[in-house]
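Residues per chain, in single letters:
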Amino acid sequence: PSDEPAAAYYTNNLNEANRSTLAGKWTLIYTDAPDITSLEGGPFSTAKLGRIGQECNPPSIKNVIEWTRPEWASSLPFSGGESSRVLQKVCCEGSATKDKPTQVDLKIAGLELSGS
């Protein structure tokens, strides 16, 4: 635990490198945020929601959504295999201040898509 978890994102980040920070890869375990819970779709969605997480590498933060093939599409040609997936990453630049050491402000920087 840290009293300043956003220290790595401070605008003038001096001597903050050795502190415990948010840096790393994270998987979302629970949320009731409508913008996340609404992603699941219904039984006939064209993609099934997989993992949701973040990749934090200051000053970058990437919000990661994994999409997999829905079960109903397994018999369709060119639908991929059971392990097929698409990673959608919303790329942001994070910044924080010592005044609000638990808050990181995000500015959208781009989008990454990759498939396997």
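Look up a bit, the structure's there.
Residues numbered from 1 in each chain as written. Predicted model: local features only at pLDDT ≥ 70, side-chain atom pairs only at ≥ 80, totals over all residues. Heavy atoms only, no water.

What about a nonpolar patch on the surface?
Taken together, the side chains of Phe44, Trp72 and Leu76 present a nonpolar region at the surface, about 360 Å² in accessible area. Its location among the elements puts leucine 76 in the loop between strand E3 (60-68) and strand E4 (85-95). (Patch = residues over 30% accessible without salt bridge, like charges linked within 9 Å, V, L, I, M, F, W, Y side chains within 5 Å. Areas by Shrake-Rupley, 256 points an atom, 1.4 Å probe, with all protein chains shown as cover. Salt bridge = Lys/Arg side-chain N within 4 Å of Asp/Glu carboxyl O. Helix = DSSP H or I, 4+ residues; strand = E, 2+ residues; numbered from the N terminus.)

Re the sheet that holds strand E2 (residues 48-57)
With antiparallel pairing, the five strands of this open sheet are ordered in space as E1-E2-E3-E4-E5. Of all the strands in the sheet, just strand E1 (24-27) and strand E5 (105-115) have a single pairing partner and so form its edges. Neighbour-to-neighbour, the strand axes of the sheet open up by a mean angle of 20°, direction not taken into account. Note: E3 against E4, nine bridges, orientation antiparallel. Pairing of glutamate 66 across the sheet is with leucine 87, part of E4. (Pairing = 2+ DSSP bridges. Axes fitted to C-alpha atoms, helices over the stretch in contact; angles between N-to-C directions.)

Describing the environment of leucine 49
Its location among the elements puts leucine 49 in strand E2. Classification of leucine 49 as buried rests on a relative accessible area of 15%. Taking C-alpha positions, leucine 49 is 32 Å from proline 101, a pair spaced 52 residues apart along the chain. Excluding its chain neighbours within four sequence positions, the residues that come into contact with leucine 49 are Leu39, Glu40, Ile65, Glu66 and Trp67. (Buried < 20%, exposed > 50% of the residue type's maximum accessible area, 1.4 Å probe, protein only. Contact = heavy atoms within 4.5 Å.)

Fair warning: the whole summary comes from geometry, so function is off the table for now.
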